[in-house]
Amino acid sequence: MTVRFYLNGNLVEPDVSPLTRLSDLLRDLYRLIEGPEEQTLILLDGEPVFPHLVPAFHLKGRLVTTYEGFSGTADCEDIETGFEEAHFCPCPIHRPVYTFLVHALLERVSHPEEADTAAAFTGFHPICGGYLSLLDGVRLAARRRFLRHHEQTR
Ligand code: FES
């Protein structure tokens, strides 16, 4: 069957079987997943999800954003710069997970407290760059995003 959805802003129409998962499409058809698929997150209609848990036939009309599609956006830049300023450096495999979890957190809470960040990262390990650096990175990213939104509404 053919399923139509938006991948990084572009309409795509792959043929899928009932067993095809989103991760299969991203890895085999679009070459957008590197490393272990169970450690990769994407945004599905703006929410972070693991693509190996999403059946491809559920994608009809939905918006899929991979880290490649998110990179270079102002939202991504807030987070990347926050991480950089806090000297928080996740490895390339886990960078999308950190970035999307922080993005989803900042979409819900503009100035997250430590407990908000801890809750957002529940179940996700490792935090190799250091937990305190992550907290700092989130705080700095939140500040950048808040100031940018504030500037845009002036
Ligand atoms: S192994 Fe990826 S951030 Fe630690």
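Parameters and conventions
- Residues numbered from 1 in each chain as written.
- Predicted model: local features only at pLDDT ≥ 70, side-chain atom pairs only at ≥ 80, totals over all residues.
- Helix = DSSP H or I, 4+ residues; strand = E, 2+ residues; numbered from the N terminus.
- Buried ≥ 20, exposed ≤ 12 C-beta atoms within 10 Å, placed from the backbone.
- Domains from an automatic or database assignment.
- Contact = placed C-beta atoms within 7 Å.
- Nonpolar A, V, L, I, M, F, W, Y, C, P; charged D, E, K, R; others polar.
- Axes fitted to C-alpha atoms, helices over the stretch in contact; angles between N-to-C directions.
- Parallel < 35°, antiparallel > 145°, perpendicular 65-115°, else oblique.
- Left-handed = near helix turned anticlockwise from the far one by under 90°.
- Core = buried A, V, L, I, M, F, W, Y, C linked by C-beta atoms within 7 Å.

**Notes on unusual backbone geometry**
Line of reasoning, step 1. Phi angles above zero are rare outside glycine, and R31 is one such case at about 55°.
Line of reasoning, step 2. Looking at where R31 falls in the secondary structure, it is placed in the loop between helix 1 (22–29) and strand 3 (42–44).
Line of reasoning, step 3. Overall, R31 belongs to the exposed group, with 9 C-beta atoms counted inside 10 Å.
Line of reasoning, step 4. At D45, a position not held by glycine, the phi torsion is positive, near 50°.
Line of reasoning, step 5. Relative to the helices and strands, D45 resides in the loop between strand 3 and strand 4 (47–49).

**Focus on the domain arrangement of the protein**
Line of reasoning, step 1. Per the domain assignment, the segments of the protein are domain 1 (5–66) and domain 2 (71–152).
Line of reasoning, step 2. Computed from C-alpha atoms alone, the centre-to-centre distance between domain 1 and domain 2 is 23 Å.
Line of reasoning, step 3. Of the residues lining the interface, seven residues belong to domain 1; the matching set on domain 2 comes to seven residues.
Line of reasoning, step 4. Counted by class, the side of domain 1 that touches domain 2 contains three nonpolar, three polar and one charged residues.

**Structural notes on the packing of helix 3 (residues 74–85) against helix 4 (residues 95–108)**
Line of reasoning, step 1. Where helix 3 contacts helix 4, the axes come no closer than 10 Å and their chain directions differ by 110°. Between helix 3 and helix 4, the crossing angle belongs to the class labelled roughly perpendicular. Helix 4 is crossed by helix 3, and the crossing has right-handed handedness. From helix 3, D75, C76 and I79 reach across to helix 4, where they touch T99, V102 and H103.
Line of reasoning, step 2. Here the contact of helix 3 with helix 4 is composed, by residue class, of three nonpolar, two polar and one charged.

**Notes on the nonpolar core**
Line of reasoning, step 1. Ranked by size, the top nonpolar core spans 27 residues in total, and within it L22, V64, V102, V138 and A141 carry the most contacts.
Line of reasoning, step 2. Counting only elements with at least two residues in this core, the list comes to strand 1 (5–7), helix 1, strand 3, helix 3, helix 4 and helix 6 (131–152).
Line of reasoning, step 3. Ranked by residue count, the leading element in this core is helix 4, at six residues.
Line of reasoning, step 4. Both of domain 1 (5–66) and domain 2 (71–152) provide at least three residues apiece to this core.
Line of reasoning, step 5. Look past the residues within four positions of A141 in its chain and what remains in contact with it is D78, I79, G82, V102 and L106.

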